[in-house]
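Breakdown of the fold
Here is what each chain is made of, one letter per residue.
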Amino acid sequence: MALLRTNRRRDDVPDDQPVELAALADGSIAPGRRAQLEARVESSPELAELLGEQELALALVRAAGAEVEAPAGLRARVEAERRPRRTSRFVLVGVATAAVAAAAIVAALVLSSGTSSQRFTAALGPTGLAPQASGEATLTKTTSGWRIRLDASGLPRRDRGRFYEAWLKSPTGVLVPIGTFNEGRNVTLWAGVSPKQFTTLTVTREQADGDQASSGQKVLVGPVVP
């Protein structure tokens, strides 16, 4: 990522200091210089503020890049661009600019990989076994499969060998298990089949009895739609 000109002029900061702070933030500074620069940061609120901006911006960029799998060549190029360059009065600006830059990197990675994120949703309604239950799920395509975020209410916690299990079902009735959980808040599930073909999401009550088939005791059900 190219370094950007800061909008704030700091006349008491030497010309090469922002570049060294960038190197300190990402760990590329020379070992012999690290201790000396860290001591200066501890004694200078101005330098401490600059270092904090660098570290936060770098964390945002890395977090954004981790969301998308990129080809090895592109990842190497992004890493090279992220190293500090020997120039003066150039520094990663604040949180707002860093967030924009992170979004741009994610867009570049997606375009370079030749795929775009596909997303489906499911509004889950109650059944006779759990008339107070409701929930919603978001299904997002990743390189590993379909990541499913489920948030449900009205389901009492199940423990001691009892649990809930989620399934994707095809129009012909084929069931594919996508994960188990004890309570419905902030659940992450994974599916190796596409919701384009398996268009219904159900949740059942199960217990550890050695039988891997569905119990048929549905507590939530809903269609999966784009």
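Here the structure is shown first, and the text comes after it.
Right, let's walk through the structure included here. (Residues numbered from 1 in each chain as written. Predicted model: local features only at pLDDT ≥ 70, side-chain atom pairs only at ≥ 80, totals over all residues. Heavy atoms only, no water.)

Regarding the pairing of strand β6 (residues 187-191)
- Judged by which residues are buried, β6 turns out to be one-sided: V187, L189 and A191 face inward and are buried, whereas T188 and W190, on the alternate face, are not.
- Here strand β3 (residues 146-153) runs beside β6; their pairing, made up of five bridges, is antiparallel. Bridged to W146 within β6 is A191. (Buried < 20%, exposed > 50% of the residue type's maximum accessible area, 1.4 Å probe, protein only. Helix = DSSP H or I, 4+ residues; strand = E, 2+ residues; numbered from the N terminus. Pairing = 2+ DSSP bridges.)

Topic: unusual backbone geometry
- Of note in this structure, R160 is not a glycine but carries a positive phi near 55°.
- Relative to the helices and strands, R160 is located in the loop between β3 and β4 (162-169).
- By relative accessible area, R160 is classed as exposed at 87%.

Description of helix α2 (residues 31-43)
- Listed in full, the buried residues belonging to α2 are R33, L37 and V41. Taken down its axis, α2 places every buried residue within 70° of arc, on the same side. Opposite the buried face of α2, at more than 90 degrees from it, the exposed residues are P31, G32, A35, E42 and S43. (Arc of directions from axis to C-beta.)

Thoughts on the packing of aromatic side chains
- Per the stated rule, a full pass over the model turns up two aromatic pairs.
- Taking 5.5 Å as the distance between ring centres and 80° as the angle between the ring planes, the aromatic pair formed by F120 and W146 counts as edge-to-face. Within this pair, whereas F120 is found in strand β1 (residues 119-126), its partner W146 is found in strand β3, the two being separated by 26 residues in sequence. Like F120, the residue W146 is buried in the burial classification.
- For the pair Y164 and F181, a centre-to-centre distance of 5.6 Å together with 25° between the ring planes defines the contact as stacked. You can see Y164 sitting in strand β4 and its partner F181 sitting in strand β5 (residues 175-181), a full 17 residues away along the chain. Summarising the burial analysis for this pair, Y164 and F181 share the class buried.
- Directly above the aromatic system of Y164 lies the positively charged group of R158, at a separation of 5.7 Å from the ring centroid. (Phe/Tyr/Trp six-rings, centres within 6.5 Å; stacked < 30°, edge-to-face > 60°. Lys NZ or Arg CZ within 6 Å of the ring centre and 35° of its normal.)

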